[in-house]
Amino acid sequence: MPRKRERFDRSDVPRESPFRNVIGAVVCVLVLVAAAVVVKVVWDRVSLESRLGDVDLSDALSEQVTQDLSEGTGFVYSDSAFEEAVLFTTDPSSESTLASARVIAINMTQGTVELANIPLSAKVDFENSATLADVFARSGADAAVEALSAAVGITFEHVVVSSQDALTAATALAGAGVTDVARESPDLLSTLRTDMSASELVSLAETLASLGASAATPFDAPVVAETVTDADGNVTETGAQLIDKTQLAIALGLLVSPA
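Residues numbered from 1 in each chain as written. Predicted model: local features only at pLDDT ≥ 70, side-chain atom pairs only at ≥ 80, totals over all residues. Heavy atoms only, no water.

### Points about the overall build of the protein chain
Working step 1: From N to C terminus, the protein chain includes nine helices and 12 strands.
Working step 2: Taking all 259 residues of the protein chain together, 37% fall into the buried category.
Working step 3: Of the contacts formed within the protein chain by residues at least 6 apart in sequence, a portion of 63% connects residues at least 24 apart.
Working step 4: Put simply, the protein chain shows about 15100 Å² of open surface, and 54% of that area lies on carbon and sulfur atoms. (Helix = DSSP H or I, 4+ residues; strand = E, 2+ residues; numbered from the N terminus. Buried < 20%, exposed > 50% of the residue type's maximum accessible area, 1.4 Å probe, protein only. Contact = heavy atoms within 4.5 Å. Areas by Shrake-Rupley, 256 points an atom, 1.4 Å probe, with all protein chains shown as cover.)

This is the structure in structure tokens:
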């Protein structure tokens, strides 16, 4: 009778671990989590840096039309070198709602700074008879920059839009590393938009800080009532308020009495 052969397991053949599938699944999960973290970090960094050098704001600044505020006023432009900017602060709960607007004039020659509060109810869009607040809500900061520039006769170099006080936000970046503003001040940067690059923003912040801009007392921009004249020469007020360009320029130091 043929003898039945016995089977023996070879000791040199690796056995499949019962935890093999579990370990593989854990490794896959860890890889996916690591990839998600990397993607989030990169995305957050890109999102923050996209708030610098805003194209729409830069285009709006380039569309401003230069006006001669001295013509027919008896005043002349100051010989000092100025840098003017507009600071928009939005409602924290709504980016389309303008909470305040300020025009800042930095006298680079004399080392002084003037701040003007712009009334949000001032009429700045004459074609559509809209206030500054209306323009901002309807068309955003870029449209508001152009409309305000035309209404006050000032050509702005820069604009900062922030959900916290724009002046405080800009000044707080003083001392931040130019090469890595997004890493050093992510919470602050996430609240604002500007046409400026990182180096320009930090430079402006350091200038404002050195001049004590945050402690400067702002003044209310002077306004006048809008009037219309009918065919018979009768003058009536429309109920709208206009910013007095000449008086604002004088208060900011842009216009001075001739020597």
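### Quick look at the packing of helix H3 (residues 132–139) against helix H4 (residues 141–152)
Working step 1: Remark: H3 packs on H4, axes separated minimally by 7 Å, with the N-to-C direction vectors making an angle of 150°. When the axes of H3 and H4 are compared, the pair comes out roughly antiparallel. H4 is crossed by H3, and the crossing has right-handed handedness. Between H3 and H4, the contacting residues are Leu 132, Val 135, Phe 136 and Ser 139 on the first element and Ala 141, Asp 142, Ala 143, Ala 144, Ala 147 and Leu 148 on the second. (Axes fitted to C-alpha atoms, helices over the stretch in contact; angles between N-to-C directions. Parallel < 35°, antiparallel > 145°, perpendicular 65-115°, else oblique. Left-handed = near helix turned anticlockwise from the far one by under 90°.)

### Some details on the environment of Phe 136
Working step 1: Here Phe 136 lies in helix H3.
Working step 2: On the accessibility criterion, Phe 136 (3% relative accessible area) is buried.
Working step 3: Along the sequence, Phe 136 and Thr 90 sit 46 residues apart, while their C-alpha atoms lie 9.6 Å from each other.
Working step 4: Excluding its chain neighbours within four sequence positions, the residues that come into contact with Phe 136 are Phe 88, Thr 90, Glu 95, Ser 96, Leu 98, Ala 141, Ala 144 and Val 161.

### Re the packing of aromatic side chains
Working step 1: Across all of its chains, the model carries one aromatic pair by this definition.
Working step 2: Residues Phe 88 and Phe 136 carry aromatic rings whose centres are separated by 5.5 Å and whose planes lie at 70° to one another, so their mutual orientation is edge-to-face. A residue pair is termed long-range when its members are at least 10 positions apart, and Phe 88 in strand S2 (residues 82–91) and Phe 136 in helix H3 qualify at 48 residues. The same class applies to Phe 88 as to Phe 136, namely buried. (Phe/Tyr/Trp six-rings, centres within 6.5 Å; stacked < 30°, edge-to-face > 60°.)

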